Amino acid sequence: MAEERSGSILAVDFGNVNTRAILVDLVDGMYRLIARAEARSTGGFPASDARLGLNRVIEQMTAVTGRKLLTNDNKIITPEQNDRSGVDYFLTTASIGRTMRTVLVGLVPDVSIASARRALAGTYVDIVELLTLEDGRSEEQQMNAIVSSRPDLIFITGGMEGGAQEGVVQLARVVRLALRLIKGGRKPVLLYAGNSALVSTVREMFDGLASILIAPNIRPSLDDEELEGAQIQLALAYNEQQAKQGGFGPLARMSRLGVLPTAQSYNLMTDYLGKSTGENVLSVDVGSAISILSAHVDDRTSTTIRTDIGLGHSAESLLNLAGEDGVNRWLPFMAAENQIRHYALNKTLVPGSIPETIKGLFIEHGLLRAGIDTLLKVSRPGWTKGMDRSHSLLMPPFGLIIGAGAALTNTGSAGYGTLLLLDAVQPTGTARIVIDPFGMVAALGALALANPEAVVQVLDSSGLEQIGTCISLSGQPKTNRPAMRIKIRTSEGQVIKQHVQGGHLWVYPLGVGRTARVEVSVGRGMSIGGKSKIKFKAEGGAVGLIFDARGRPLPLATDIRGRAAQLPLWISEMTGDPQIEIQDEWLQSARDENQQVDMPEEPAAGRGWFGRRSKEKAVTEQPAEIELRPDLRLPDMPDLDDLRPSRPSKPVKSGKVAAKPEAKAESSLDELRRK
């Protein structure tokens, strides 16, 4: 049995752009992260076979660890063999592919339908139709709506234990008639999670019409909610759909639990971290096509998945949601007409690209901030049972904030990525910041279903990258006037005193694994987590201790010149880099710039956004203008390998972070300074 062996685990997450893998094994009786790897995903066009991306990350791991993981016919060796080849567990998660078109059926919107929506939160679904007893349409109209929606999944719920039955049966009859009208093609999966007294009735009604899944009642009583059983069945339905596309069928058969939705991992891990620490926890993952926000607030976990928010495949839909004004408010220059939209359209065409110009960089991160802001707006009403916090301008306090997604984690500077997260989330009080650059949350969420002990031990050792602790000031401090008085006592006995002025950030470089006693007091009318003075033990990290005296809500300037002064200053204060110069002509209406595009491109080897040149040259040199003509034709789609930069990755020793693949287009503020 696998459980009797070493317990080695290979977990792979398939995203729309990147495929990430981790190898976990026992070291001196404790589970430890052995290696990590990353490569471009191949589940979509042009390869349409996820196994190619899997083979690439496996090859990296074999090169790093010397451990053979694949058979000659490219199958995962499992269980682990006596010669240490293979693994005992192979687990897969995915956010790639089409979402499940779902028809939601329940008695009333505020009870059974509300619980069903929360159960669906961990799975990639698109609710295309909704049926309730309050539906004013005739039965014929309801049937036509179901048939025309072409569902992949029909989710029926309703009726508390020992409660209503007739209403559920009435709605189920409509669904049965609709399924009989669906001719040819693939029949939808039907999931029932209502009154358990009707399970046998539902099985008889839909026998032969649909693949039937049964879960415990998600709303057994008015005050109780049981979602776990339904979420497991939803994962099975998702696995069934994934197995039919992009080469996931063989992967699902090799995997211990099939192909699980990545979002379920975020929901599970956020809930675990919140309950284990007793703190509010926030997880944000902005991907290329899909974004996830999971929050544990007041002992309740809520997860939001948006398939229309992303910085690659979904860049255009994100811009449509946030609006150009939502992006423009983060730009320190005057954007020309359609400049932002042109950038988003090009990102949609070339999802894995990175900005090639300074203006493109600001537009990219304006889209990122606007995307997270949109996620927060749609998520906050579901965080608490009461509505008091949902309408507050300030965020509830979070003890832990997790940032994921290449746009946040691959900026090349931990300080810059953290600034983007702080700008978008605007946390209050004190919060520990961690990032997840290698998709550990997705892998650990799947691992929790197979080996919870391993999850705890990996998290305690080297699961996520520690950034540090952020102390945020609430209120509106006067700019350039003392706002925070700070006293830091390190474990070595060193004492540091500092005043931070309003509108500024200050970073004390307290390293990973180090702690310090921190005292902070603020002026009248301001607070930190509702207090005018705090004393606590703070943890360091890759950035250290971050003191944010800009105020909450964030006083972002509404005029161009104000933002041109604020944004470069904040970047410099967080990263320690020289302040970016904003040219005066950037602050004026651009002449004929509506015919230009800040085209995101794959950078040439050794190049970045900035270089080690004179400041004047670094800012004034621009790429050639691209004129948009009515007869403009797109070039043929290049082969995926053509998009890979030529710069090789550095090798990593066994037990360390696995080498990044050639297919990973890295961009780094450190690299920018080296030019």
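Scoring rules and cut-offs
- Residue positions are counted from 1 within each chain, in the order its sequence is given.
- A pLDDT threshold of at least 70 governs which residues receive local features in this predicted model, and a stricter bar of 80 or more applies before side-chain atom pairs are shown or counted, although totals over entire chains, interfaces and linings include all residues.
- As a rule here, side-chain values cover all heavy atoms of the structure and leave hydrogens and water aside.
- We treat two strands as partners when DSSP finds at least two bridges between them.
- Numbering of helices and strands starts at the N terminus; helices are DSSP runs of H or I of at least 4 residues and strands are runs of E of at least 2.
- To get an axis, fit a line to the C-alpha atoms, keeping to the stretch in contact for a helix; angles then go from 0 to 180 degrees between the N-to-C directions.
- Burial status follows relative accessibility: with a 1.4 Å probe on protein chains alone, a residue under 20% of its type maximum counts as buried, one over 50% as exposed, and anything between as partly exposed.
- Polar contacts, as counted here, are pairs of nitrogen or oxygen atoms within 3.5 Å of one another; within protein the pair requires one atom able to donate a hydrogen and one able to accept it, and residues that are adjacent in sequence qualify only if both atoms are side-chain atoms.
- In this description, a nonpolar core means a group of buried Ala, Val, Leu, Ile, Met, Phe, Trp, Tyr and Cys residues linked to one another through side-chain atoms lying within 4.5 Å.
- Residue contacts are counted whenever heavy atoms from the two residues lie within 4.5 Å of one another.
- Orientation labels follow simple angle bins: below 35 degrees gives roughly parallel, above 145 gives roughly antiparallel, 65 to 115 gives roughly perpendicular, and whatever is left gives oblique.
- Following the grouping adopted for this structure description, the nonpolar residues are Ala, Val, Leu, Ile, Met, Phe, Trp, Tyr, Cys and Pro, the charged ones are Asp, Glu, Lys and Arg, and the polar ones are all others, Gly among them.
- Salt bridges are defined as contacts in which a side-chain nitrogen from Lys or Arg sits within 4 Å of a carboxyl oxygen from Asp or Glu.
- What counts as a ring pair is set by centres within 6.5 Å for rings of Phe, Tyr and Trp (its six-membered ring), and what kind of pair is set by the plane angle: stacked under 30 degrees, edge-to-face over 60, tilted for all other angles.
- For a ring to carry a charge above it, either NZ of a lysine or CZ of an arginine must fall within 6 Å of the ring centroid while also lying within 35 degrees of the normal to the ring plane.
- Think of a patch as exposed residues, more than 30% relative accessible area, with no salt bridge, where like charges cluster within 9 Å and nonpolar side chains (Val, Leu, Ile, Met, Phe, Trp, Tyr) cluster within 5 Å.
- Methods summary: accessible areas were calculated by the Shrake-Rupley approach with a probe of 1.4 Å, and residue burial reflects only the protein chains presented.
- Positive: Lys, Arg. Negative: Asp, Glu. His and the chain ends are not part of the count.
- For charged residues, the charge sits on one atom: NZ in Lys, CZ in Arg, CG in Asp, CD in Glu.

Our focus in this paragraph is the sheet that holds strand β18 (residues 495–501). Spatially, the 4 strands line up as an open sheet ordered β18-β17-β20-β21, and their pairing is antiparallel. Either end of the sheet is taken by a strand with one partner, and the two such strands are β18 and β21 (533–539). Ignoring which end each strand starts from, the neighbouring axes of this sheet average 20 degrees apart. Examined bridge by bridge, strand β17 (residues 482–490) and strand β20 (residues 515–522) share 7 bridges and lie antiparallel to one another. Looking at the pairing, arginine 489 lines up with arginine 517 of β20.

On to the environment of aspartate 49. Position of aspartate 49 relative to the elements: it lies in the loop between β3 (30–40) and α1 (50–65). For aspartate 49, a relative accessible area of 17% translates into the label buried. Taking C-alpha positions, aspartate 49 is 9.9 Å from glycine 249, a pair spaced 200 residues apart along the chain. Of note is the side chain of aspartate 49, whose polar atom sits 3.0 Å from the side chain of arginine 51.

Now for the nonpolar core. Nonpolar side chains in soluble globular proteins tend to end up buried together. Ranked by internal contacts, the top residues of the largest apolar core, which has 81 residues, are Leu10, Phe14 and Phe155. With near-sequence residues (within four places) excluded, leucine 10 lies in contact with Ala21, Ile22, Ile58, Met61, Ile76, Val87, Tyr89, Phe90 and Leu91. Core analysis: the second largest hydrophobic core is formed by 63 residues, Val327, Ile433, Val507 and Trp586 among them.

Glancing now at the sheet that holds strand β8 (residues 189–192). With parallel pairing, 5 strands are arranged side by side in an open sheet as β6-β5-β7-β8-β9. Each edge of the open sheet carries a strand with a single partner, namely β6 (125–131) and β9 (211–214). Taken pair by pair, the neighbouring strands of this sheet meet at an average axis angle of 25 degrees, ignoring direction. Here β8 pairs with β9 via 4 bridges, running parallel. Note on β9: the bridge partner recorded for tyrosine 192 is isoleucine 214. Contacting β5 (100–105), β7 (153–156), β8 and β9, helix α6 (residues 228–242) runs over the sheet at an angle of about 175 degrees to β8.

For the rest of this paragraph, the subject is unusual backbone geometry. In this chain, threonine 78 is followed by proline 79 through a cis amide linkage whose omega measures 0 degrees. With respect to the helices, strands and loops of the structure, proline 79 is situated in the loop between α1 and β4 (89–94). The phi dihedral of arginine 150 is positive, around 50 degrees, even though this residue is not glycine. By the secondary structure assignment, arginine 150 is in the loop between α3 (139–148) and β7. We note that aspartate 298 has phi near 55 degrees; this positive angle belongs to a residue other than glycine. Tracing the backbone shows aspartate 298 in the loop between β12 (291–297) and β13 (300–306). Classification of aspartate 298 by relative accessible area gives partly exposed; the value is 47%.

Another aspect to go through is the packing of helix α10 (residues 339–349) against helix α11 (residues 358–379). Running from N to C, α10 and α11 point in directions that differ by 80 degrees, and their axes come no closer than 10 Å. With respect to their mutual orientation, α10 and α11 come out roughly perpendicular. Listed contacts from α11 to Gln339, Ile340, Tyr343 and Lys347 of α10 are Lys359, Gly360, Ile363, Glu364 and Leu367. The residue inventory of the contact of α10 with α11, partitioned by class, reads 4 nonpolar, 2 polar and 3 charged.

One pass over the structure, following the stated rule, counts 22 salt bridges. Linking glutamate 80 and arginine 84 is a salt bridge whose minimum nitrogen-to-oxygen distance equals 2.7 Å. Of the charged contacts in the structure, one is a salt bridge between arginine 118 and glutamate 225, with a shortest N-O distance of 2.9 Å. Here glutamate 225 lies in the loop between β9 and α6 and arginine 118 lies in helix α2 (residues 109–120), a separation of 107 residues in the sequence.

Considering the arrangement of structural elements, one finds glutamate 161 in the loop between β7 and α4 (166–181). Considered as a pair, glutamate 161 and serine 196 are 35 residues apart in the sequence and their alpha carbons are 6.7 Å apart.

With that settled, the discussion passes to the packing of aromatic side chains. Taken as a whole and assessed by the stated rule, the structure comprises 4 aromatic pairs. On the numbers, 6.1 Å between centres and 70 degrees between planes, the contact of phenylalanine 333 with tryptophan 586 is edge-to-face. Of this pair, phenylalanine 333 sits in the loop between α9 (315–328) and α10 while tryptophan 586 sits in the loop between α16 (560–575) and α17 (615–620), and the two are 253 residues apart along the sequence. Neither phenylalanine 333 nor tryptophan 586 differs from the other in exposure class; each is buried. Between tryptophan 383 and phenylalanine 398, the aromatic rings sit 5.6 Å apart at their centres with planes inclined by 90 degrees, giving edge-to-face as the arrangement. Of this pair, tryptophan 383 sits in the loop between α11 and β14 (400–404) while phenylalanine 398 sits in the loop between α11 and β14; the two residues are 15 residues apart in sequence, bridging distant segments of the chain. In this structure tryptophan 383 comes out as buried when scored by relative accessible area, which is 3%. An aromatic cluster is built from Trp506, Tyr508 and Phe547, whose rings are joined through pairwise contacts. If you follow arginine 550 out to its NZ or CZ, it ends over the ring of tryptophan 570, 4.5 Å from the centre.

This part takes up a positive patch on the surface. Residues Arg485, Arg517, Lys533, Lys535 and Lys537 make up a contiguous surface patch of positive charge. Here the positive patch gets 3 residues from one element, more than from any other, and that element is β21. For lysine 533, the position within the fold is in strand β21.

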